[in-house]
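Results of the structural survey
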Amino acid sequence: MAALKDRRLACTVLSVIMLSCTLQVPIFYVLARVSTLSCFNAASIFRSFSLNDSVNASDRIRRITANDQPTESSPADSSNIREDQLNTLGFSTLNKVDTNLQQSLHRHGYAHYSFVQFNSYRESARAFYVVGITSAVNKHFDHPVHNCEWLSSQNSTNIHVTKANMIYVYYDQFPRLYVVATVNCTFDEDVGMDDLGGSLIITVSVGPYPGDTEKAVAMVEQQGAASEFVRKRDNPPPYKIAFCGPPMHGNIRAEWIVHWLVYHHYLWKGKEHFFFYNVGGLQDHHHRLLDPWVKSGYLTIIDASDQGQYPSWYHNQLMLANDCLHRTRFLASWTFFHDLDEFLHIPPPRSLSSLLSRYRDKPYITFGSIGVNLTICADPQSADLAADWPVQRLLWMHKRPYCADATFDPWVCRQWQGARKYAANSRKVYAAAVHTAARPDVGGADLNATIATMYHYHGVLSTQANICQVNVSLSLPSSQLKEIVPEIADYNKEYAISKTTTKARKSMDLTQLLLGT
């Protein structure tokens, strides 16, 4: 009998200690409440305890024992706690415990994909680039694409395998569900150069374990494609300049796009090709204005409207920029990356041609950014202006380039701090960012803004932007202008973009494009 009491006492003490740890309450509190409970009941309480109920644990013990405290004349016994009371509070007695409980997981929301491919390109006889995006989770905790294979169309046993190299952009990257990821497949020997065609296959991660993969066809080359590639690689590119536009979204001011095209077509002397990416911003009236440029061979519009299913920063801007970089590698000597509200200007005596020639061995060159006031406009009837396009009338520019860091020299403020944009030497850059090249990200030339500048008409593209709210006559002296519009003193009056646009409008080769005939 004494041995039985000792066993019960030991069991009760052990249960009290376990309850104290699990419920995260002092042991003396548990002793005060359940010291009279038998080992049987203490074990029952502990066994049926759910971690989800830990917030109200101490309160539950209080309620269980409040109405059934034993007295000196009533020794502790399991019958003192009613079974229906325990069941009501979420407990069950030992003989009611189901030892085969099973809890299922239920999916909600949507899946994050390991790799979402946008396009693929051959870079050399043995190297390929597959442009896409990956889940931010996969980027940090997995290897989205493991291997690359080349499979000949004529010989299914002739398979070349290499490890996939993931290329990420480590700046200009903002927290979103997806991030840009380019897969580089470089084989140890030439593949597909027999002109027989073949397929590039990537092995993609589809689960948490090393063997959880599936194979996907990233590119199919037709017969004769290798000869076409060699021709592009070995011959001079057909264009001097390619332009890679940002994602076109929202309500866009259609006429402004045409004005921007006119200016840069004149600046680049017709030796360029423009690439626009439409993610929902171009409507029928935009296409009517842009169709003459498409038909004349100056403009390509790429529809990427379904990118919204895979949310990344600024409508997948980085993915589209990298697609355009590889798209233009053998089409142009230089590829420019800036926005449709930014106008490139090179003050004389320098010229764009001389700059590109001087820095031809650099992988990229970047340009400083100077903001433009959108509110103040020159009166269109001014004698020395006689212009009606907004870009010809917006003359007031900030006195210094933009720089987010006050400790930097604003005239050479680099990368995103200086809101810089850039031109990539097409065959020397392998990954693009927004404000500079991403691979390589060193070795380029960050030009002083006195040498080359991007004038930034920030916000002008939106049809909701209120531009030219204040019209001033250019015939008024500066002192009188400052009295009428005090903030005009914070800006410099600059005619460069206006005058170049006027010259461009008078250019004979633009007549057909402007009239749409």
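Check the entry above for the structure.
Reading the values: the criteria
- Residues numbered from 1 in each chain as written.
- Predicted model: local features only at pLDDT ≥ 70, side-chain atom pairs only at ≥ 80, totals over all residues.
- Heavy atoms only, no water.
- Helix = DSSP H or I, 4+ residues; strand = E, 2+ residues; numbered from the N terminus.
- Buried < 20%, exposed > 50% of the residue type's maximum accessible area, 1.4 Å probe, protein only.
- Lys, Arg positive; Asp, Glu negative; His and termini not counted.
- Salt bridge = Lys/Arg side-chain N within 4 Å of Asp/Glu carboxyl O.
- Contact = heavy atoms within 4.5 Å.
- Pairing = 2+ DSSP bridges.
- Axes fitted to C-alpha atoms, helices over the stretch in contact; angles between N-to-C directions.
- Disulfide = S-S within 2.5 Å.

Turning next to the side chain of Glu 123. Checked against the element boundaries, Glu 123 lands in the loop between β1 (116-122) and β2 (127-135). Within the buried core, Glu 123 has no salt-bridge partner, and the shortest N-O distance to an opposite charge, that of Arg 329, equals 4.8 Å. For Glu 123, the contacting residues outside a window of four places in its chain are Phe 128, Tyr 129, Phe 229, Arg 329, Phe 330 and Tyr 430.

An order of β4-β3-β7-β8 is seen for the four strands of this open sheet, with the pairing classed as antiparallel. Strands at the two margins of the open sheet, each flanked by one partner only, are β4 (159-163) and β8 (213-221). Put simply, the sheet's adjacent strands are angled 20° from each other on average, direction ignored. Note: strand β3 (residues 145-152) against strand β7 (residues 198-205), seven bridges, orientation antiparallel. Looking at β7, one finds that Asn 147 is bridged to Thr 203.

Our focus in this paragraph is the state of the cysteines. All chains considered together, the criterion is met by four disulfides. Covalently, Cys 148 is tied to Cys 185 through a disulfide, its sulfur atoms 2.1 Å apart. Where Cys 148 bonds to Cys 185 through sulfur, the torsion about that S-S bond is close to -60°, and the disulfide is left-handed. On the criterion of sequence distance, the pair formed by Cys 148 in strand β3 and Cys 185 in strand β6 (residues 178-186) is long-range, its members being 37 residues apart. Each disulfide pairs two cysteine sulfurs, and for Cys 377 the partner residue is Cys 468, the sulfurs being separated by 1.9 Å. The chirality of the disulfide connecting Cys 377 with Cys 468 is left-handed, given an S-S dihedral of about -50°. Of this pair, Cys 377 sits in strand β15 (residues 376-378) while Cys 468 is found in the loop between β21 (453-456) and β22 (470-472), placing the two residues 91 residues apart along the sequence.

This paragraph deals with unusual backbone geometry. Here the amide bond leading from Pro 348 into Pro 349 is cis, since omega sits at 15°, within 30 degrees of zero. Note on placement: Pro 349 falls in the loop between β13 (342-345) and α11 (352-358). The peptide bond linking Arg 439 to Pro 440 adopts the cis configuration, its omega dihedral lying at 0°. As for its position among the elements, Pro 440 is in the loop between β19 (437-439) and β20 (445-446). A positive phi angle is found at Tyr 314, which is not glycine, with a value near 50°. Tracing the backbone shows Tyr 314 in helix α10 (residues 313-327).

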